Amino acid sequence: MPSLAKILIIDDNPKYLADALPMYGYEADAACDGVQGLKKLSNDDVSYDLVLLDVMMPNMDGWETLRAIRNNKKYSSVPIIMITALNEEQKEISGLKFGADDYVVKPFILPNLLARIEALLRRSNWAKEQQKTASVDLKFAQEGEIEPLTAREKEVLTLVSQGASNQQIAEKLFVREVTVKTHLNSIFKKLKVSNRTQAVLLAMQMRLIES
């Protein structure tokens, strides 16, 4: 049975996660510091879907490793969840600014981390599908003028482009899920498309939202 995803754990004490993740369908590989982690990421024969990166490590800490990953074009887009014992808001902001996708503070509850992993992989897979679709000539060339989107419709479409579900959009914008569906139907009608992917691609082409 194929794994849900291949995850690289960069941590000087990776045993807990390395043992736990396979129990939930993930393939886990481990590196005990940033130097080893970068070597594994640079291996042409292996591809990772996500990185769990500890902050406090010998030789090369998590911040240095994060910068090195994001500065290398080959694997700069790999999703990264930072794991640290530092519960400081400024540290979290710095991590996200440097390019981390999410942030978990030790001691963490495993179901919480698993939920974050699942959500991040879902967003990553959505982005990959967008790129695949964008590489093909769009079949939905538009005729005539496009009716302008409202500010709220642009907000909804921007969140869609980030891989958010209708429920997540509703929570983010403090509206009901049925309201999100209404906005999406209006967006599809205005852009003359039939699904979310087409709407996002066309909106990016027309610079209605940022890519």
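Residues numbered from 1 in each chain as written. Predicted model: local features only at pLDDT ≥ 70, side-chain atom pairs only at ≥ 80, totals over all residues. Heavy atoms only, no water.

1. Here we look at the sheet that holds strand β4 (residues 80-84)
Formally: In this scheme, strands are said to pair when DSSP sees at least two bridges between them. Going along the chain from the N terminus, every DSSP run of H or I of four or more residues is numbered as a helix, and every run of E of two or more is numbered as a strand. To obtain each axis, a line is fitted to C-alpha atoms, and for helices this fit is confined to the stretch in contact; angles are then taken between N-to-C directions over 0 to 180 degrees. Contacts were defined at the residue level, with two residues in contact if any of their heavy atoms lie within 4.5 Å.
An order of β2-β1-β3-β4-β5 is seen for the five strands of this open sheet, with the pairing classed as parallel. Each of the sheet's edge strands pairs with one partner strand only, and the pair in question is β2 (27-31) and β5 (102-105). Taken pair by pair, the neighbouring strands of this sheet meet at an average axis angle of 20°, ignoring direction. Relative to β5, β4 runs parallel, the two sharing four bridges. Across the sheet, T84 pairs through a bridge with V105, a residue of β5. Packed onto the sheet, helix α3 (residues 62-70) meets β1 (6-10), β3 (50-54), β4 and β5 and runs at close to 170° relative to β4.

2. A few points about the layout of surface pockets
Formally: In this analysis a 1.4 Å probe is tested at points of a 1 Å grid over the protein atoms alone, and where it fits but cannot get out there is a cavity; an open set with protein on both sides within 12 Å along at least five of seven lines is a pocket; lining residues have an atom within 4 Å of a point. Grid points are joined across faces, edges and corners, and a volume is the space filled by probe spheres set on the points. Amino acids are sorted into nonpolar (Ala, Val, Leu, Ile, Met, Phe, Trp, Tyr, Cys and Pro), charged (Asp, Glu, Lys and Arg) and polar (every other residue, Gly among them).
Of the pockets and cavities examined, the second largest pocket occupies roughly 270 Å³. Lining the second largest pocket are A119, R122, R123, L159, Q162, G163, A164, Q168, E171 and K172. Only α5 (110-134) and α7 (166-173) provide two or more residues apiece to the lining of the second largest pocket. Its residues assigned to classes, the lining of the second largest pocket comprises three nonpolar, three polar and four charged.

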